[in-house]
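Spelled out from the first residue to the last, the chains are:
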Amino acid sequence: MSNRGNETVTEAQIAVHWQEEKYLYPSDEFVAQANMSDADIYERFGLDNFPDCFHEYADMLSWYKRWHTTLDTSDAPCWKWFVGGKINASYNCVDRHLEAYRNKAAIIYVPEPESESHEVVTYQELYVRVNEMALMLRDFAGLDTGDRVTIHMPMTPDLPVVMLACARLGVIHSVVFGGFSGKACGERIADSGSRVLITMDGYYRSGKMLDHKVKADEAVQIAADYGQHVDKVLVVRRYAGQYQSETPMIKGRDYFVDEQLAAFCGKRVDPVELPAEAPLFLMYTSGTTGRPKGCQHSIGGYLSYVTGTSKYIQDIHPEDVYWCMADIGWITGHSYIVYGPLALAATSVMYEGVPTFPDSGRPWRIAERLGVNIFHTAPTTVRMLRKSGPDEPKKYNFEFKHMTTVGEPIEPEVWRWYYDVIGKGTASIVDTWWQTETGGFLCSTMPALHPMKPGSAGPAVPGIHPTIFDEDGNTVEEGSGVAGNICIQNPWPGAFQTIWGDRDRYVQTYYAKYCRDSSSTNWQDWPYFPGDAATQAPDGYYRILGRVDDVINVAGHRLGTKELESACMTISELAEAAVVPVTDDLKGKVPDVYVSVRPESSPSKNLETAVTSAIETEIGKIARPKNVWIVPDMPKTRSGKIMRRVLASISNGSDVGDITTLANPEVVEHIRQMVQG
Ligand code: WTA
């Protein structure tokens, strides 16, 4: 159960009623080649061996200086891992591979237009480009260790180059998803205090060159409104020397990256030896209030965790060609396109565009051509590919040994298509549950150790010890199948360190709910509360039921209902707005928007359109609502709270439950008829 004021969301409403499925086992060939097939790992990572068990991950990296304290809890719940250690993430993802893998592909970039050939960036080439970029950032843009820089770039190889260049200097990068609006980018620039914005002129989406630079101008303006001055905008060009945007460059502020790099051609800069617990990056994510949270991730802990989980759970070997179809602008891309795979010297594939462009055979042509053998995507994409080209995978000659799903629950039926048709009945699948905050996986099967069970994420990964609590902090019996709030009992190295500039919010949101003693420096007193409901089956597998807060997971993209509502409220004719999640066949969940107008205004089709475009400009197209309903009044409690639960039931065609205690029960039937006809 979750309470939001008077609005009670019951287990039944959040639960997904899938039956327990039968196990499927990994093939012998998979097990024989797997990085981790030793069941003792769970003992090694047991609470008895905590926190030193995580040396196993940290030892996968190269350190300038070894840590003296594995876990420092003195500033609980801001955990510090590998204290005393000195490390550099760029060195670990690039330089250290040169000896063995200099001419091996680090990144293979596939442009969206099929007429353009793919670009192979070897480890040597990555090394050269990261060095030049780092020097440009340092000597031209004036960035120094500890400075923040906002990067608003789509999928281009320059994006990981810029990230690794920042990491080389200890500059903290904050990558904003390219599809986010200029406004959303500007707010993140302001919150992080960035005075440099790195952006791009344009990129391809569904065959069209989109103007991206236009968003930079808006972002800089918005940041200025918040009091944050941006003095340099560095523009990467999709084609060097050929500016793709209609938007003018502003003299003295905007610079083309390809032109500035010329001065640093062939030059090198040593990676800075940084404390393990220094921040590597910020990644903004949505929460209960409108203001996005800058999740701060460390260098040593984060990199250890994503490297360890990439090796054992993604089963990445240096010989593998690994393709994660996420965008680097999300945490999945940071951890499992850039940092994890590159730390392991793998080949990581990046695709610029839309998976179904020009047709739904595209991903399979890419996989066939590049010899991809590990594939990673979200259930939404699987549903989309299944709908638009159910037989396409069969037409191409590719073979995945391993596949991942991430970001939302995957229905058993969709899972089975993934397994049978994309995986050709031989690939091992892992369903990985985790969050922006957690840096890496929390629950998943170990692909060579556990059977797969469609519709369930699996047990906790090594070193993660969940408990399910009820609202009052009682432990729900293990394996009982009873829903509650899943929490993690112990810290782990991948966990974010704090919310940038807002430690109170960090403590409140993630730890206050189940903290046993707020003055304690024992980690045992601070269970981590991720905000998801879950059940655990008798076999120990967890099934994630969804968010218990005001977050909607649209096609695997995390949006706060409050952010959407405040976007609507920029329209002056509106009196109120309420956003609820609606189940969608393809995207999992999509927002339905309910608005009421001020007495002096009247409902109109134009107003509906205005709401949609307000959301697109304030947040981005990914947040576009399914429906905009203009209602005479919102269903409210007597204390005046909008009953979003009732609106959600109407949108989803389910029973509205008891509404007799509402202040205005009659409006419910009116809205129901309007929505359901
Ligand atoms: C949801 C994405 C079910 C969950 C990595 C979580 C999932 C939120 C799964 C985090 C999964 C993620 N099964 N639900 N395998 N993975 N979620 O921060 O609600 O974008 O809290 O991180 O996505 O979304 P975020």
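What comes next concerns the included structure. Values in this document were obtained by computation on a predicted structure and should not be read as measured data. (Residues numbered from 1 in each chain as written. Predicted model: local features only at pLDDT ≥ 70, side-chain atom pairs only at ≥ 80, totals over all residues. Heavy atoms only, no water.)

Before going further, it helps to spend a moment on the overall build of the protein chain. Within the protein chain one finds 21 helices and 32 strands. Along the three orthogonal principal directions, the C-alpha set of the protein chain runs to about 75 × 60 × 60 Å. Looking at the 677 residues of the protein chain, the share that counts as buried comes to 63%. At a minimum sequence separation of 6, the contacts of the protein chain that also span at least 24 residues come to 71%. Computed over 64 positive and 87 negative side-chain charges, the inter-centroid distance for the protein chain is 3 Å. (Helix = DSSP H or I, 4+ residues; strand = E, 2+ residues; numbered from the N terminus. Buried < 20%, exposed > 50% of the residue type's maximum accessible area, 1.4 Å probe, protein only. Contact = heavy atoms within 4.5 Å. Lys, Arg positive; Asp, Glu negative; His and termini not counted. Charge placed at Lys NZ, Arg CZ, Asp CG, Glu CD.)

A separate point is helix 15 (residues 379–388). Turning to helix 15, its buried residues number three or more, namely Pro 379, Thr 380, Thr 381, Val 382, Arg 383 and Leu 385. Buried residues in helix 15 make contact with helix 14 (362–370), strand 20 (374–377), strand 21 (402–406), helix 16 (412–422) and strand 31 (588–597).

The subject of this paragraph is the packing of aromatic side chains. Applying the stated criterion across every chain yields a total of 47 aromatic pairs. Here the aromatic rings of Phe 50 and Trp 81 are separated by 6.0 Å at their centres, their planes lie at 85°, and the arrangement is edge-to-face. One end of the pair, Phe 50, is in the loop between helix 3 (41–44) and helix 4 (55–58); the other, Trp 81, is in strand 4 (residues 80–83), with 31 residues separating them in the sequence. Comparing Phe 50 with Trp 81 shows no difference in burial state: the two are buried. Linked through ring pairs, Phe 45, Phe 50, Phe 54, Tyr 57, Trp 63, Trp 67, Trp 81, Phe 82, Tyr 305, Tyr 312 and Trp 523 together constitute an aromatic cluster. (Phe/Tyr/Trp six-rings, centres within 6.5 Å; stacked < 30°, edge-to-face > 60°.)

Taken as a whole, this structure holds zero disulfides when the rule is applied. Between Cys 324, a cysteine without a disulfide, and Cys 93, which holds the nearest cysteine sulfur, the sulfur-to-sulfur distance is 15 Å. Given the relative accessible area of 1%, Cys 324 is considered buried. Lacking any disulfide linkage, Cys 443 is separated from the closest cysteine sulfur, that of Cys 487, by 12 Å. (Disulfide = S-S within 2.5 Å.)

All right, on to the side chain of Thr 436 then. Structurally, the position occupied by Thr 436 is in the loop between strand 22 (428–432) and strand 23 (466–469). Those residues in contact with Thr 436, other than ones at most four positions away along the chain, are Met 283, Thr 285, Cys 295, His 297, Ile 331 and Arg 558.

The residue His 334 is located in helix 13 (residues 331–343) in this model. What makes His 334 buried here is its relative accessible area of 0%. At 2.7 Å, the side chain of His 334 forms a polar contact with the backbone oxygen of Ile 328. Among all residues touching His 334, those that are not within four sequence positions of it are Met 163, His 173, Val 175, Phe 281, Met 283, Tyr 302, Ile 328 and Tyr 339. (Polar contact = N/O pair within 3.5 Å; in protein donor to acceptor, adjacent residues only side chain to side chain.)

The next thing to look at is the site of the ligand. Close contacts around the ligand come from 17 residues, with Asp 431, Thr 436, Asp 532, Arg 547 and Arg 558 the closest. With respect to the ligand, the side chain of Asp 532 contributes an N or O atom lying 2.6 Å from an oxygen atom. Between the ligand and the protein, one listed contact pairs an oxygen atom with a side-chain N or O atom of Arg 547 at 2.7 Å. Contact with the protein chains hides 96% of the accessible area of the ligand, taken as 530 Å² for the molecule alone. When grouped by side-chain class, the residues that make up the shell around the ligand number six nonpolar, six polar and five charged. (Near = heavy atom within 4 Å. Areas by Shrake-Rupley, 256 points an atom, 1.4 Å probe, with all protein chains shown as cover. Nonpolar A, V, L, I, M, F, W, Y, C, P; charged D, E, K, R; others polar.)

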